[in-house]
Amino acid sequence: MKRILNITIALAAFMLLTTSCLKDLDTVPIDPDQMISENVFEDPASYKQILAKLYAGLAVTGQTGPSGNADISGIDEGFGQYHRMLWYHQELTTDEAVISWNDQTIKDFHWQTWGTTDVFIAALYYRIFYQISAVNEYIRETSDSKLDDRGVTGQLRTDIGYFRAEARWLRALSYWHALDHFANVPFVTEDDAVGAFFPQQIKRADLFKYVEDELKAIETLLVDAGVNEYARADKAAAWILLAKLYLNAEVYNGTERNTDCITYCNKIINAGYSLEPEYSYLFLADNDLARNEVIFPVAFDGAFTKTWGGTTFLVHAAVGGDMNPEEFGIDGGWGGTRTTKALVQKFYPDITEGLFSFNGRSDNDYPILYVPGSYQGWDPSNTSTVIASVNDDGNYEGYLHFADVNTAFKFTTMPNWDYNWGDDDADGTLDVGGADIVAADPGYYKINVDTNGLTYTIEKTEWGVIGDATEGGWDSDQDMEYDPETGLWTAVLDLVAGNIKFRANDDWAINYGDDDANGILTEGGADIPITDAGTYTISLKLGAPDYTYTLVRGSFDKRAMFFTEGQNLDIEDIGLFTDGYAITKFKNVDRDGDAGIDLTHPDTDFPMFRLADVYLMYAEAVLRGGQGGDQGTALNYVNIVRERAFGGSTDGHITSDELDLDFIIDERARELYWEGHRRTDLVRFKQFTGGTYLWPWKGNLKEGRSTDSKYDLFPIPDSDIGANPNLVQNPGY
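Criteria and thresholds
- Residues numbered from 1 in each chain as written.
- Predicted model: local features only at pLDDT ≥ 70, side-chain atom pairs only at ≥ 80, totals over all residues.
- Heavy atoms only, no water.
- Helix = DSSP H or I, 4+ residues; strand = E, 2+ residues; numbered from the N terminus.
- Buried < 20%, exposed > 50% of the residue type's maximum accessible area, 1.4 Å probe, protein only.
- Contact = heavy atoms within 4.5 Å.
- Areas by Shrake-Rupley, 256 points an atom, 1.4 Å probe, with all protein chains shown as cover.
- Lys, Arg positive; Asp, Glu negative; His and termini not counted.
- Charge placed at Lys NZ, Arg CZ, Asp CG, Glu CD.
- Phe/Tyr/Trp six-rings, centres within 6.5 Å; stacked < 30°, edge-to-face > 60°.
- Lys NZ or Arg CZ within 6 Å of the ring centre and 35° of its normal.
- Patch = residues over 30% accessible without salt bridge, like charges linked within 9 Å, V, L, I, M, F, W, Y side chains within 5 Å.
- Salt bridge = Lys/Arg side-chain N within 4 Å of Asp/Glu carboxyl O.
- Core = buried A, V, L, I, M, F, W, Y, C linked by side-chain atoms within 4.5 Å.
- Axes fitted to C-alpha atoms, helices over the stretch in contact; angles between N-to-C directions.
- Parallel < 35°, antiparallel > 145°, perpendicular 65-115°, else oblique.
- Nonpolar A, V, L, I, M, F, W, Y, C, P; charged D, E, K, R; others polar.
- Left-handed = near helix turned anticlockwise from the far one by under 90°.
- Pairing = 2+ DSSP bridges.

With respect to the overall build of the protein chain
Next up, step 1: For the protein chain, the helix and strand inventory stands at 19 helices and 29 strands.
Next up, step 2: Of all 733 residues assigned to the protein chain, the portion counted as buried reaches 59%.
Next up, step 3: Pairs at least 24 residues apart make up 67% of the contacts formed inside the protein chain by residues separated by at least 6 positions.
Next up, step 4: Of the roughly 27500 Å² of accessible surface on the protein chain, 47% is carried by carbon and sulfur atoms.
Next up, step 5: In the protein chain, 56 side chains carry a positive charge and 117 a negative one; their mean positions are 11 Å apart.

Here's the deal with the packing of aromatic side chains
Next up, step 1: By the definition in use, this model includes 57 aromatic pairs.
Next up, step 2: On the basis of an interplanar angle of 55° and a centroid distance of 5.0 Å, the ring pair of Tyr-125 and Phe-129 is categorised as tilted. Residue Tyr-125 and its partner Phe-129 are located together in helix H6 (residues 119-140), separated by four residues, close to a single helical turn. When sorted by exposure, Tyr-125 lands in the same class as Phe-129, which is buried.
Next up, step 3: Directly above the aromatic system of Phe-688 lies the positively charged group of Arg-679, at a separation of 5.9 Å from the ring centroid.

Topic: a negative patch on the surface
Next up, step 1: A contiguous patch of negative charge on the surface is contributed by Glu-459, Glu-462, Asp-479, Glu-481, Asp-506 and Asp-507.
Next up, step 2: With respect to the helices and strands, the residue Asp-479 is situated in strand E18 (residues 478-479).

Things to note about the nonpolar core
Next up, step 1: One finds Tyr-88, Trp-169 and Phe-609 to be the most contacted residues of the largest nonpolar core, which totals 158 residues.
Next up, step 2: For this core, the leading source of residues is H6, giving 15 residues.
Next up, step 3: With near-sequence residues (within four places) excluded, Trp-169 lies in contact with Leu-215, Ile-218, Ala-233, Ala-237, Ala-238, Leu-241, Phe-296 and Phe-609.
Next up, step 4: Judged by nonpolar contacts, the second largest core, of 25 residues, contains Trp-463, Ala-469, Phe-502 and Leu-540.

Remarks on the pattern of salt bridges
Next up, step 1: The tally for this structure, following the rule as stated, stands at 48 salt bridges.
Next up, step 2: With a shortest N-O distance of 2.8 Å, Arg-503 and Asp-477 are connected by a salt bridge. Residue Arg-503 is found in strand E21 (residues 498-504), and its partner Asp-477 is found in the loop between strand E17 (463-466) and E18; the two are separated by 26 residues along the sequence.
Next up, step 3: Among the residues examined, Asp-477 registers a relative accessible area of 12% and is labelled buried.

Some points on the environment of Trp-489
Next up, step 1: Following the sequence through the fold, Trp-489 ends up in strand E20 (residues 488-495).
Next up, step 2: Sequence separation of Trp-489 and Val-638 is 149 residues, and the distance between their C-alpha atoms is 37 Å.
Next up, step 3: The contact partners of Trp-489, leaving out residues within four places of it in the chain, are Tyr-444, Thr-461, Glu-462, Trp-463, Met-480, Glu-481, Tyr-482, Ile-538, Ser-539 and Leu-540.

Considering the packing of helix H4 (residues 82-92) against helix H13 (residues 310-317)
Next up, step 1: Between H4 and H13, the shortest axis-to-axis distance is 7 Å and the interhelical angle comes to 50°. Judged by the angle between their axes, H4 and H13 are oblique. Here H4 contributes His-83, Arg-84, Trp-87 and Tyr-88 to the contact with H13, which in turn contributes Gly-310, Phe-313 and Leu-314.
Next up, step 2: Of the residues assigned to the contact of H4 with H13, the class counts are four nonpolar, two polar and one charged.

Topic: the packing of H4 against H6
Next up, step 1: Packing of H4 against H6 brings their axes to within 9 Å, and their N-to-C directions diverge by 135°. Accordingly, the angle class assigned to the pair H4 and H6 is oblique. Along this stretch, H4 crosses H6, giving a crossing that reads as left-handed. Listed contacts from H6 to Tyr-82, Met-85, Leu-86, Tyr-88 and His-89 of H4 are Phe-120, Ile-121, Ala-123, Leu-124, Arg-127, Ile-128 and Gln-131.
Next up, step 2: Considering only residue class, the contact of H4 with H6 consists of nine nonpolar, two polar and one charged.

Brief notes about unusual backbone geometry
Negative phi values dominate among residues other than glycine, just as trans dominates among peptide bonds.
Next up, step 1: Here Pro-545 and Asp-546 are connected by a cis peptide whose omega angle stands at 0°.
Next up, step 2: With respect to the helices and strands, Asp-546 occurs in the loop between strand E25 (534-541) and strand E26 (548-553).
Next up, step 3: Phi at Asn-406 is positive, roughly 50°, even though this residue is not glycine.
Next up, step 4: In this model, Leu-454 sits at a positive phi of 55°, which is unusual for a non-glycine residue.
Next up, step 5: With respect to the helices and strands, the residue Leu-454 is situated in the loop between strand E15 (443-450) and strand E16 (455-461).
Next up, step 6: What makes Leu-454 partly exposed here is its relative accessible area of 29%.

Some remarks on the environment of Gly-519
Next up, step 1: Of note, Gly-519 is situated in the loop between strand E22 (511-513) and strand E23 (522-523).
Next up, step 2: Assessed through its relative accessible area of 0%, Gly-519 is described here as buried.
Next up, step 3: The spatial distance from the C-alpha of Gly-519 to the C-alpha of Tyr-549 is 5.8 Å, given a sequence separation of 30 residues.

Things to note about the pairing of E17
Next up, step 1: Residues Trp-463 and Val-465 line one face of E17 and the alternating positions Gly-464 and Ile-466 line the opposite face, and both faces are buried.
Next up, step 2: Inspection of the sheet shows E17 paired to E21 by four bridges, in the antiparallel sense. For Ile-466, the partnering residue across the bridge sits in E21 and is Lys-501.
Next up, step 3: As defined by bridge partners, E17 adjoins E18 across two bridges and the pair is classed as antiparallel. Within E18, the position partnered with Gly-464 by the bridge is Asp-479.

Observations regarding the pairing of E20
Next up, step 1: Alternating residues of E20 divide into Trp-489, Ala-491, Leu-493 and Leu-495, all buried, and Leu-488, Thr-490, Val-492 and Asp-494, none buried.
Next up, step 2: Where strand E19 (residues 481-483) folds back on E20, the antiparallel hairpin that results is connected by four residues, among which Gly-487 adopts a positive phi of roughly 70°.
Next up, step 3: Of the strand pairs in this sheet, E20 and E25 are connected by eight bridges, and their pairing is antiparallel. When the sheet's bridge partners are listed, Leu-495 is paired in E25 with Gly-534.

Geometric values such as these leave the question of function open.
Shown next, in the form of structure tokens:
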């Protein structure tokens, strides 16, 4: 549970007043019967409570979450959530995400075919300006003259100074989002009178200057980096917004500011932040523990910030197909979001058809013996507990798992007790109707029966992988684990090019290879080749013959969080969830695997800004010619990021010759996918529109095609153009 600030119902009156300065925006109208904003601020506690509402504007959608009293109208409240709309614009428009739903114009985002009446574009636009108007009113009501009139002094007056600076940071954040997505937008600050008027349109370069000046002005007014309450802005939050602003300056105003980007990256890097050792921990229900890396999160809580956007959307929408919602700490998947092959290829450059090296299947129908026993209710009709004769020669073999000590069993020729064998003398000789056979120890047993000679053997086995593709070479086994629910032996191993086999009990007496390279195992068979290095999930299915195995290639890079079972690498139909690999990055479970407090609304926070991004920004700014940094330091920062990605190994380190801008844009995708940066990155690299970089379904073509450069910006919604005569539409719309 991660409540950072307390919000009370009294805030509703304040929030209803914040829309009056933007006559043209389609937000909730003012209720003239409500108390005025000044009265709200007569309560000393209200200053912090209303600040909490300003932060919550990034997470929730109204006064009664998850829905019921929305801040903005004209769109479903879940769709109109700030973070969800930002994610749509930053991710669905790129190579990193597609969505299967048919909600209104949602597929136009990936196709880059949106227009001026798009309801989702309008939702982001109005959400941004609703947030700005709320902050403007807060700043008006916390001016020195207002505080003097109310007699606010002492510690509260000091605290309000920090609150006010944080509010200005939130406004700068929203104006940066407006600058980045819409360029030339209506502009209103606390200096504009409250009332119905038409805001003037500010040029993109002028808005850049305003955001820059605001952030520099509040830099010294915010608390020091890392000492504020969780999920509140501090000096580092101002620094990272400035670094973002400067890195994209050439896009925003035509002038590069890479030296300034380096300056502010250095401030953050020197402020005591460090990478969270486990990459996956950044995206779990207890990721508030990763504050050593996260500079500013949008906080969510299953009890106190219920929403149908935010991480509720991120976690649920990514789960579908064969995925198990329980593993994600949720009560069900929505079957929506996946990724394209273009992102997968950032981790697997050679991938063409999928990550399954083998997916062994057998349709053979061999003669069987039934093995009823105490372990399965003495049921001879249970065909899951049988052994088989591959050669139909009276010799039967198979594997069975006995969970308990002294497990008793017998053999039958039919799924009944008409004819059965036991062992009266426990000597390995079968007797018709004989005594129960007993396996003294729990375990996984290899069972052989010779119905010609009426003999049998049972041998307890533990399984492992061996070979020169493994860390132990041909000298030692890499142990596998047995799962009684699935009946599979599995191991996740880092393999290099070479060969492997499966063997039992660290000995060659029982071993399996693959003579026909078809996923069907043969005792003593040929080595199984591993052609591509990577992290493999290896599954061994024994039971009754045929014995099969599966090799699913992962990456040494632990950031490659793909779910591939039942998913197609290529997307033939965006509307089909199983087309495209699923992403398992965000979950509503903690580090121990326990679900959050609510299975519908996750506790998972969204890490909007974090240190790894800063390291990569520094490196990019250096490569773009910025002064105040050097390539050696840039290389070191990149390798720090990659060392974590490779599980603490230096195997992922790159050389100075490999560090260039092409590497950086791909590394940003590997590190930051689905974190809301991709569109801005691709625009900066001149790869978002046009034909320089294509990905599946860009331009509404499976192979991708060039798109119009007008899509580097979103249009100002027609509803606002029609309502405000001061506004001019972005070029091309």
